[in-house]
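Tertiary structure, described
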Amino acid sequence: MRTRADQIRGWLLGAWTGLALLYLFIPVFVIAAFSFNDNQGRFNFTWQGFTLKHWQDPFADPDLALAMKNSLLIAGISTLIAVVLGTFMALALVRYSFRGRSTTDLFVFLPLATPEVVLGASLLALFLTMAVTTGFATIVVAHVMFTISYVVVTVKARLEGMDRHIEEAAMDLGASEWTAIRKITLPMIAPGVLAAALLAAAISVDDYVITSFNAGQTTTFPLFIFGATRQGVPPAVNVLATGLVLVILLLLALNVVVQRRLAARDRAAMP
Amino acid sequence: MRRWRRSPGRELSLRRRRQLVPWLLIGPGLLWLVVFFAVPLANQLYVSLQTGDPETGYQFTWAFGTYVDAIKDYHEQFLRSIGYAATATVLCLIIGFPLAYYAAFKAKPFMRNLILLLVILPFFVSSVLRTVSWQLILFDDGWIVARFRDVGLLGDDGRLLATRTAVIAGITYNFLPFMILPLFVSLERIDRRLVEAATDLYASRAQAFRHVTLPLALPGIFAGSLLTFIPACGDFINAALLGTPKQSMIGNVIQSKFLFVQDYPTAAALSFILMTFILIGVALYGRLLGTKTLMESAV
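For every chain, the first residue of its written sequence is number 1, and the numbers climb from 1 along that sequence. Lettering for chains starts from A, numbering for ligands starts from 1, and both go in the order in which the items are written. In keeping with the predicted nature of the model, local features appear solely for residues at pLDDT of at least 70, side-chain atom pairs appear and are counted solely at 80 or more, and the whole-chain, interface and lining totals rest on all residues. Think of the side-chain values as coming from all heavy atoms in the structure, minus any hydrogens and water.

Salt-bridge detection follows one rule: a side-chain nitrogen of Lys or Arg within 4 Å of a carboxyl oxygen of Asp or Glu. Within the structure shown, the criterion is met by seven salt bridges over all chains. Residue Glu167(A) is joined to Arg95(A) by a salt bridge in which the shortest nitrogen-to-oxygen separation is 3.0 Å. Taken together, the residues Glu167(A) in helix α7 (residues 164-172) and Arg95(A) in helix α3 (residues 62-95) connect sequence positions 72 residues apart. For Arg95(A), a relative accessible area of 12% corresponds to the buried category. Put simply, Arg193(B) and Asp191(B) hold a salt bridge, and the shortest N to O gap is 2.9 Å. The class of Asp191(B) is partly exposed, set by a relative accessible area of 31%. For the purposes of this entry, the term helix denotes a DSSP run of H or I that reaches at least four residues, the term strand denotes a run of E that reaches at least two, and both are numbered from the N terminus. Each residue gets one of three labels from its accessible area relative to the maximum for its type: buried under 20%, exposed over 50%, partly exposed in between, using a 1.4 Å probe on protein chains only.

For the rest of this paragraph, the subject is the UniProt feature "transmembrane region" (unreviewed entry) in chain A. Residue and element names in this part refer to chain A. UniProt positions are given in the numbering used here, feature names are shortened, and annotations may be inferred rather than shown by experiment. Cross-referencing UniProt, the feature "transmembrane region" (unreviewed entry) maps to residues 12-36, 72-94, 106-128, 134-155, 184-205 and 236-258 in the present numbering. Annotation note: span residues 106-128, helix share 74%, strand share 0%, distance between end C-alpha atoms 28 Å. Annotated as residues 184-205, this span is 100% helix and 0% strand, and its ends, taken at the C-alpha atoms, are 32 Å apart.

What follows deals with a nonpolar patch on the surface. Taken together, the side chains of Trp16(A), Val90(B), Leu91(B) and Ile94(B) present a nonpolar region at the surface, about 350 Å² in accessible area. The biggest single contributor to the nonpolar patch is helix α2 (residues 65-106) of chain B, with three residues. Considering the arrangement of structural elements, one finds Leu91(B) in helix α2. Note on Leu91(B): relative accessible area 34%, which makes it partly exposed. Any residue with relative accessible area above 30% and no salt bridge may belong to a patch, with like charges joined within 9 Å and the nonpolar Val, Leu, Ile, Met, Phe, Trp and Tyr side chains within 5 Å. Values of accessible area rely on a 1.4 Å probe in the Shrake-Rupley scheme; residue burial ignores everything except the protein chains shown.

By definition in these notes, contact holds between two residues if any of their heavy atoms fall within 4.5 Å. At the interface, 81 residues of chain B touch 88 residues of chain A. Between chain B and chain A lies a buried interface of about 8,000 Å² when both sides are counted; carbon and sulfur atoms form 83% of it. Summed over the shared surface of chain B and chain A, the number is one salt bridge. Between Arg130(B) and Asp206(A) there is a salt bridge whose closest N-O contact spans 3.2 Å. Any N or O atom pair separated by 3.5 Å or less is treated as a polar contact, with the protein-specific requirement of one donor-capable and one acceptor-capable atom, and with residues adjacent in sequence counted only for side-chain atom pairs. At the boundary of chain B with chain A, the tally comes to eight residue pairs in polar contact (both at pLDDT 80 or more). Ranked by residues supplied to the side of chain B that touches chain A, first place goes to helix α1 (residues 2-48) of chain B with 21 residues. Computed with a 1.4 Å rolling probe, the buried area is the accessible surface lost when two parts are put together, summed over both parts.

Attention shifts here to the domain arrangement of chain B. Residues and elements named next belong to chain B. The domain boundaries assigned to chain B delineate domain 1 (1-48) and domain 2 (67-298). Annotation comment: domain bounds sourced from an automatic or database domain assignment. Averaged C-alpha coordinates put domain 1 and domain 2 at centres separated by 37 Å. Counting residues at the interface gives five residues for domain 1 and nine residues for domain 2. Surface buried jointly by domain 1 and domain 2 totals about 560 Å² across both partners, of which 74% is contributed by carbon and sulfur atoms. Per-residue buried area on domain 1 facing domain 2 is highest for Gln-44, Val-47 and Ser-48; these three make up 72% of the total on that side. For the interface between domain 1 and domain 2, the tally reads one residue pair in polar contact (both at pLDDT 80 or more). Three classes are used: nonpolar for Ala, Val, Leu, Ile, Met, Phe, Trp, Tyr, Cys and Pro, charged for Asp, Glu, Lys and Arg, and polar for all others, with Gly counted as polar. Residues that form the side of domain 1 that touches domain 2 fall into these classes: three nonpolar, two polar and no charged.

Pasting the structure below:
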């Protein structure tokens, strides 16, 4: 029963969605465009003509290359740790009832409800008190701390929408608790875990505030950019940022293709 | 007989093991959060009550005076942070709700995933770089400012960069994804049959939205508002890059106190005052939205 009014409503919502996404992407487009700008001097502020020269060797500046490498490594390591720890926590919080569950639930939410500047400052204060030298390792520690909660919330949402009976059936058929988790639960929540990993990696690569407190002498991509704002951000930064987005899009597209192939194969295998 | 006697013990150990499993799963993550989140906050409370100076070091003296001085010196930045963050949160809700609604109810599965991906994707460009990019878009000799002057939205020497508007727009921009994601999750969970039931029972579309969809979306609105408002209160990148010292927020003060002046007690005291403000605000907001279990259903 779709009326004309319904249709118009749908179009309006779609248009609004498009505009909101455009708002999110305007600066990204500008960044991508200025990676092709033939800028004179240090500043990359006004359009002066098209060039590909910045794309030829984006890793020419060793400091920038190192910052990018650090950012990706930190994101990879901290995402891995946060996803493992967070997924187990989500499993326990949704699947078991135990004393202290709601308190734990609230506690896991608290880091999300704390301003980053407070998280960063208090962690640094602890490191100073314990005479820990800040650097690569402390950044990883900090990133795991503030991404775990995002993982828990994302995976929990997936688990709550899942049919509990399939696991129970597996256990009735003699599977141990651990086997049921491994063979049934984990594959079923895999899309949620993947989404959580993507979110955790995104937030880690993006973070400036907490990292700035706990970085010591180590530089990450956002720290490099912030440091460069005074003298003008070099176009190589635009190239690397644009390149990273393209690589991620490519990986996700690949993932979609592989998933479809697998689904098609499964359908074909069925009688 | 022997079997009978042993079985209660076995039962107990099985039950105990059942109780142990969740804690084994939670343990490592919880430990991480306790050591690197809870302990630092407690330590910060301790630091905030110290006195001294960066050269000679700080001693613990129950110095509550730091809190009084901090409020006296920086109440302006506190009020400004809360004002900016609240404005940005409302804007995020206005921009984000229709998007989340469209993604949850109108879009096909592929489109839905694409929209969510596009919401997360800008993170990979780093918020600092995107804010620098806004600097470039809004700057005085730029295209936008020229057009705004043409149509009379800005005076001939009017500017966008280094104004309150720019800072609030920057905060709205940066925290929009944190509003959209929880909104989407709560909307997606709504059973559409409830809305259909309402319209079958002669509710208009608007009534069904107001009395069915909106109340069910409240946990998402609450969670999204928290995840936007709270980080926005402590933000300092937007004020630093898009504003002037006249727009400086409490995050800017805490950051400079901590990293440049090394006045740790004041920075710690400011952090706790900010947290207190936020907790009071959250409690009031929860009351306003009216559900007691809102916090539980939000997390």
